[in-house]
Amino acid sequence: MKKKSFADFTSVDIRNFWCLKYKEKYDEEYPTHTYLGNELHEIKTLVEDFGSFPVLLAILNAITDKKQSILSFSDNFKDYLVSSNIPKLLFYAKVYGTIEIHTKIGKLKVLESK
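Residues numbered from 1 in each chain as written. Predicted model: local features only at pLDDT ≥ 70, side-chain atom pairs only at ≥ 80, totals over all residues. Heavy atoms only, no water.

Summarise the packing of helix H3 (residues 52-62) against helix H6 (residues 87-96); cite the residues concerned and give the values.
In a pair of packed helices, the angle between the axes and the distance between the axes together describe the arrangement. Closest axis-to-axis distance for the H3/H6 pair is 8 Å, and the angle between their directions is 40°. The angle between the axes of H3 and H6 places the two elements in the oblique class. Read as a crossing pair, H3 and H6 show a hand that is left-handed. Along its contact with H3, which presents Phe 53, Pro 54, Leu 56, Leu 57, Leu 60 and Asn 61, the element H6 presents Pro 87, Lys 88, Leu 90, Phe 91, Tyr 92, Lys 94 and Val 95. Residues of the contact of H3 with H6, tallied by class, amount to 10 nonpolar, one polar and two charged. (Axes fitted to C-alpha atoms, helices over the stretch in contact; angles between N-to-C directions. Helix = DSSP H or I, 4+ residues; strand = E, 2+ residues; numbered from the N terminus. Parallel < 35°, antiparallel > 145°, perpendicular 65-115°, else oblique. Left-handed = near helix turned anticlockwise from the far one by under 90°. Contact = heavy atoms within 4.5 Å. Nonpolar A, V, L, I, M, F, W, Y, C, P; charged D, E, K, R; others polar.)

Okay, here's the thing in structure tokens:
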């Protein structure tokens, strides 16, 4: 079975990505804070409004507090949203990039902001 591309992620896949990143950071399972359907609906709404890569990138910025939930992430989404015309590139650089790539992406972000 082929691994699913990030571009093809559904709300379930994005929630699983959240749970994976949570477990990587805190070494414990993400505790669902509400009915699972509510979390999936919030993620689906964000993806429809912003696209999957901006949501995935925002997740990487949001998991900084063990108490963070998907619903509070959704409520405060614009605080975690990275304003960029290249969210896909930024996401892949953040997930797979080396220090050299991070440096180049930083320079690109500076150029993009001008």
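More follows now that the structure is in view.
Go over the pattern of salt bridges with me, naming the residues and quoting the values.
Under the criterion given, the structure shown has six salt bridges. When the shortest N-O distance is used, the salt bridge between Glu 39 and Arg 15 registers 2.7 Å. Here Arg 15 lies in helix H1 (residues 11-26) and Glu 39 lies in helix H2 (residues 36-50), a separation of 24 residues in the sequence. Arg 15 sits in the buried class, given a relative accessible area of 10%. (Salt bridge = Lys/Arg side-chain N within 4 Å of Asp/Glu carboxyl O. Buried < 20%, exposed > 50% of the residue type's maximum accessible area, 1.4 Å probe, protein only.)

Kindly report on the packing of aromatic side chains, identifying the contributing residues and their values.
Summed over all chains, the structure comprises 17 aromatic pairs. With a centroid separation of 5.6 Å and 50° between ring planes, the pair formed by Phe 53 and Tyr 92 is classed as tilted. Of this pair, Phe 53 sits in helix H3 while Tyr 92 is found in helix H6, placing the two residues 39 residues apart along the sequence. Aromatic ring contacts, followed pair by pair, group Trp 18, Tyr 22, Tyr 26, Tyr 30, Phe 50, Phe 73, Phe 77 and Tyr 80 into a single cluster. (Phe/Tyr/Trp six-rings, centres within 6.5 Å; stacked < 30°, edge-to-face > 60°.)

None of the figures reported here should be taken as evidence of function without further support.
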